[in-house]
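Inside the fold
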Amino acid sequence: MSGSDAAAEKAESRQRLQVKVNEYKENQNIAYVSLRPVHTTLLGKTAKVYLVPFSLSNLDQLKCSKSLIEKNSNNEVACKKYKTTIKKTCGSILTPKMKATSSKAEATLQTSSLDVHTESNKPQYSNSDAVILAVDMESSQDGDSDEDTTPGLSAARLREMIKKRQPPESKRKKPKKTTNEIGCRRSMRLLNVDPSGASLPATPTQPTLVADETQPLLPPGPLEMAPKTRDDNKELFKGFLQTWTAMSKTSTKNTEKELSNIKSYKANLNGMVISQDTVQKVTKGPIFSMALHPSETRTLVAAGAKFGQVGLWDLTQQPKEDAVYVFQPHSQSVSCLYFSPANPAHILSLSYDGTLRCGDFSREIFEEVYRNERSSFSSFDFLAEDASTLIVAHWDGNMSLVDRRTPGASYEKLINSSLAKIRTIHVHPVHRQYFMTAGLRDIHIYDARRLDARGSQPLISLTEHTKSIASAYFSPLTGNRVVTTCADCKLRIFDSSCISSQIPLLTTIRHNTITGRWLTRFQAVWDPKQEDCFMIGSMAYPRRVEIFHEAGKRVHSFLGGECLASVCSINAMHPTRYIMAGGNSSGKIHVFMSETNC
């Protein structure tokens, strides 16, 4: 090709490029740019121009592809001429008019959708990317059809640019572990070290009081009546026992006395007082049962404690420290305690450990009345007035008929009741063939003549209680009333004057019976002197013991000020005298008595 022809072709190529630029100026609202290569013959070479989405504000980034120089090293002169032509052409494109309209064109391109965005299998390009003009010079000598289609911007470089524009993934920083963490503070006393850190010498271990459930059973047979609290001289202890033995005769005044009217009864209660001399700690553990000796001349109080102790206190003797003796006839809680109605020199005690013993002050022993190592006892009462036969309640719902008249050992007959558990058992004071049991939710009344070892059905069931029952007792003189204590904070009085198919509910009294875990449960018990009044402990402040009438009215409250600063859960009244004793959960006894008896 001659030089004139080459110049003509070069001018023609420049004219074609100028036409394309003029067409772009006229059509500034272009929606997309085709990516198909445009073949142009220039200087004997076939040039392919790749147009991609661009921004007119970045036309200064137009560069010649480095691959053009690398792949056409044999034709450096032609490449230099081509690069010069491209630079001149690009310079002519960037006219002031185009620069003025660049922002408008860029906004048009940003709002338009390019055809490459409609194809899912093609790479996506951002409208804000700079224009990339890739020119690839390929050799067409000798009709060679081999083409190098590598663009000026490689695909790897394009992916790298796209990744740089993507926001970095936010990762939650894990908190650094501190090496100098301060541990929990610990007591230096528990670590057995002094403030300087030096170890202290080992202290001798103190004997701990083990719970009654883990105490081993005491050996069968009689136990010696030996005090456990102190080692006094034998002469003083013998005098103590002789005092209790001398009080063996009981008065029948309570059975012959007529019922006092409520006004006179209330006046006598108002005359009962408490003092420091009538408050004494008797047992080490919580008091579970109490009994007052029926003596008319001396005030003798007995208390059964949680850890198997039986404490005796003679309030008449002074000083107080010499008037208290504590014995250990059982290994677990003493839940029931009675003086024998036939011989008050005998005190019978029943325990959770499955033993029933009789303390004989004249013989100085605790003889064994009944024993069942396979079961735990909860309560007992006398079926006969001479205390020859007893009815014993088991925690598992069974009952035992015990006859003490059998020589050598008591005769026992095991009865299966219809209750899953029995808390208290009480015999009718007049019709002694009837007795009453307090179960978990029900009260049952049985006839002792119709008991069956395979299973006995009650004559009457009282089902008005909604929660756990603590106790149920007949009224002391006639048995015409029944008082129950329930965990639903209600005291109920029933009419039991006629043992028939139904025993109607007479009165319901609201009373706080929730003593909690550490206090002995309340039990409402009748005053043996007054048929229609009963007493019960109270959670109210100041601390007190309350007496209610069967109609629901409060008759009296025993307030002791500083002398009564705790809850008396278990209470007992003297059968003939106006003396009331209350026991708390620390083993202390509080006694209220009329001033004439002080």
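Residues numbered from 1 in each chain as written. Predicted model: local features only at pLDDT ≥ 70, side-chain atom pairs only at ≥ 80, totals over all residues. Heavy atoms only, no water.

1. Let's talk about the overall build of the chain
Counted only if it meets this: For the purposes of this entry, the term helix denotes a DSSP run of H or I that reaches at least four residues, the term strand denotes a run of E that reaches at least two, and both are numbered from the N terminus. Only heavy atoms matter for contacts: two residues are in contact if any of them lie within 4.5 Å across the pair. Working definition of accessibility: Shrake-Rupley area with a 1.4 Å probe, residue cover restricted to the visible protein chains.
Scanning the chain from terminus to terminus reveals 9 helices and 33 strands. Counting contacts in the chain only where the partners sit at least 6 residues apart, residues at least 24 apart contribute 56% of the total. For the chain, the exposed surface amounts to about 32800 Å²; the carbon and sulfur share of it is 51%.

2. Some remarks on the pattern of salt bridges
What counts is decided by this rule: Salt bridge, as applied in this entry: a Lys or Arg side-chain nitrogen positioned within 4 Å of an Asp or Glu carboxyl oxygen.
Summed over the entire model, instances satisfying the criterion amount to 16 salt bridges. The closest approach of N and O atoms between aspartate 403 and arginine 405, which form a salt bridge, is 3.0 Å. The network of salt bridges with common partners includes Arg357, Glu368, Arg371 and Glu373.

3. Overview of the side chain of threonine 485
Positionally, threonine 485 belongs in strand 24 (residues 481-486). Residues within four places of threonine 485 in sequence aside, it is in contact with Ser468, Ile469, Ala470, Ser471, Lys490, Leu491, Thr513, Phe522, Gln523, Ala524 and Ile536.

4. Side note on the sheet that holds strand 19 (residues 424-427)
Let me state the cut-off plainly: DSSP calls a pair of strands paired once it identifies at least 2 bridges connecting them. To get an axis, fit a line to the C-alpha atoms, keeping to the stretch in contact for a helix; angles then go from 0 to 180 degrees between the N-to-C directions.
Pairing in this open sheet of 4 strands is antiparallel, and the strands run 19-20-21-22 from one edge to the other. In this open sheet, the two edge strands, each paired with only one partner strand, are strand 19 and strand 22 (460-462). On average, each strand axis in the sheet is tilted by 20° relative to the strand beside it, whichever way the strands run. Here 4 bridges tie strand 19 to strand 20 (residues 434-438), and the two strands are oriented antiparallel to one another. Counted as the bridge partner of histidine 426 is methionine 436 from strand 20.

5. Quick word on the pairing of strand 20
Two faces belong to every sheet, and in a regular strand the side chains alternate between them. Using the following cut-off: Burial status follows relative accessibility: with a 1.4 Å probe on protein chains alone, a residue under 20% of its type maximum counts as buried, one over 50% as exposed, and anything between as partly exposed.
Among the 5 residues that make up strand 20, 5 are buried, leaving the element largely enclosed by the rest of the structure. Side chains Tyr434, Met436 and Ala438 project from strand 20 onto one buried face, and the interleaved Phe435 and Thr437 project onto a second face that is buried too. Linkage of strand 19 to strand 20, two consecutive antiparallel strands, is achieved through a turn of 6 residues. Inspection of the sheet shows strand 20 paired to strand 21 (residues 443-447) by 5 bridges, in the antiparallel sense. Its bridge partner being in strand 21, phenylalanine 435 is matched across the sheet by tyrosine 446. Where strand 20 folds back onto strand 21 in an antiparallel hairpin, the turn is made up of 4 residues.

6. Thoughts on the nonpolar core
Operational definition: Buried Ala, Val, Leu, Ile, Met, Phe, Trp, Tyr and Cys residues that are joined via side-chain atoms within 4.5 Å together make up what is termed a nonpolar core.
Within the largest apolar cluster, 31 residues are counted, with the highest numbers of intra-cluster contacts made by Leu269, Met272, Phe534, Ile547, Phe558, Met573 and Met580. Taken together, the elements giving at least two residues each to this core come down to helix 9 (262-270), strand 25 (490-495), strand 27 (525-526), strand 28 (533-537), strand 29 (544-549) and strand 30 (554-559). Sort the elements by how many residues they give to this core and strand 28 lands first, with 4 residues. Dropping the residues within four chain positions of it, leucine 269 is found in contact with Ile547, Val555, His556, Phe558, Met573 and Tyr578.

7. Quick notes on the sheet that holds strand 16 (residues 389-394)
Spatial ordering of the open sheet is given by 15-16-17-18, a layout of 4 strands whose pairing is antiparallel. Every interior strand has two partners, whereas the edge strands, strand 15 (377-382) and strand 18 (411-416), have only one. Shown here is a sheet whose adjacent strand axes are inclined to one another by a mean of 20°, direction ignored.

8. Remarks on helix 7 (residues 234-246)
Defined as follows: Expected span, for any helix, means 1.5 Å times one less than how many residues it has. The directions considered for the arc are those from the helix axis to the C-beta atoms.
Compared with the 18 Å implied by 1.5 Å per residue over 13 residues, the 18 Å span of helix 7 between its first and last C-alpha is a close match. For helix 7, the complete set of buried residues consists of Phe237, Phe240, Leu241, Thr243 and Trp244. Taken end-on, helix 7 shows its buried residues confined to a sector of 150°, consistent with a single buried face. Turned more than 90 degrees away from the buried face of helix 7 sit Lys234, Glu235, Gln242 and Ala246, all of them exposed. Tucked inside the fold, the buried residues of helix 7 contact strand 8 (300-305), strand 9 (310-314), strand 10 (324-327) and strand 11 (334-339).

9. Comments concerning the packing of aromatic side chains
Convention followed: Only centres within 6.5 Å qualify two rings of Phe, Tyr or Trp (six-membered ring in Trp) as a pair; their planes then separate them into stacked at under 30 degrees, edge-to-face at over 60, and tilted for everything else.
The full count for this structure, using the stated rule, is 18 aromatic pairs. Between tyrosine 338 and phenylalanine 380 the ring centres are 5.3 Å apart and the planes differ by 80°, which places this aromatic pair in the edge-to-face class. Of this pair, tyrosine 338 sits in strand 11 while phenylalanine 380 sits in strand 15, and the two are 42 residues apart along the sequence. Residue tyrosine 338 is classed as partly exposed on the basis of its relative accessible area of 24%. What makes phenylalanine 380 buried here is its relative accessible area of 0%. A centroid spacing of 5.6 Å and a plane angle of 80° characterise the contact between phenylalanine 380 and phenylalanine 382, whose relative ring orientation is edge-to-face.

10. Let's talk about unusual backbone geometry
Cis geometry marks the peptide bond from glutamine 318 to proline 319, where omega comes out at -5°. Structurally, the position occupied by proline 319 is in the loop between strand 9 and strand 10. A cis amide bond links tyrosine 541 with the next residue in sequence, proline 542, at an omega value of -10°. Within the chain, glutamate 364 stands out as a residue other than glycine whose phi angle is a positive 60°. With respect to the helices and strands, the residue glutamate 364 is situated in the loop between strand 13 (355-360) and strand 14 (365-371). At cysteine 489, a residue that is not glycine, the phi angle is positive and equals roughly 65°. By relative accessible area, which is 15% here, cysteine 489 ends up buried.

11. Looking at the environment of histidine 293
Relative to the helices and strands, histidine 293 resides in the loop between strand 7 (287-292) and strand 8. In the structure, histidine 293 is positioned 47 residues away from serine 340 in sequence and 9.6 Å away in space, judged by C-alpha atoms.

12. Considerations on the confidence of the model for the chain
Here is the rule we go by: In predicted models, pLDDT denotes the confidence assigned by the predictor to each residue on a 0 to 100 scale.
When pLDDT is averaged along the chain, the result is 76, and 64% of the positions lie at 70 or above. For the stretch residues 54-151, pLDDT sits under 50, and the model shows 127 contacts to residues farther than four places along the chain or on other chains. Contacts of residues 203-213 to residues separated by more than four positions or lying in other chains number 11 contacts, the stretch itself having pLDDT below 50.

13. Observations concerning the environment of valine 545
In this structure, valine 545 sits in strand 29. Relative accessible area serves as the criterion here: at 0%, valine 545 is assigned to the buried category. As a C-alpha pair, valine 545 and asparagine 571 span 26 residues in sequence and 8.3 Å in three-dimensional space. Setting aside its immediate chain neighbours within four residues, valine 545 contacts Ile536, His556, Ser557, Phe558, Cys568, Asn571 and Met580.

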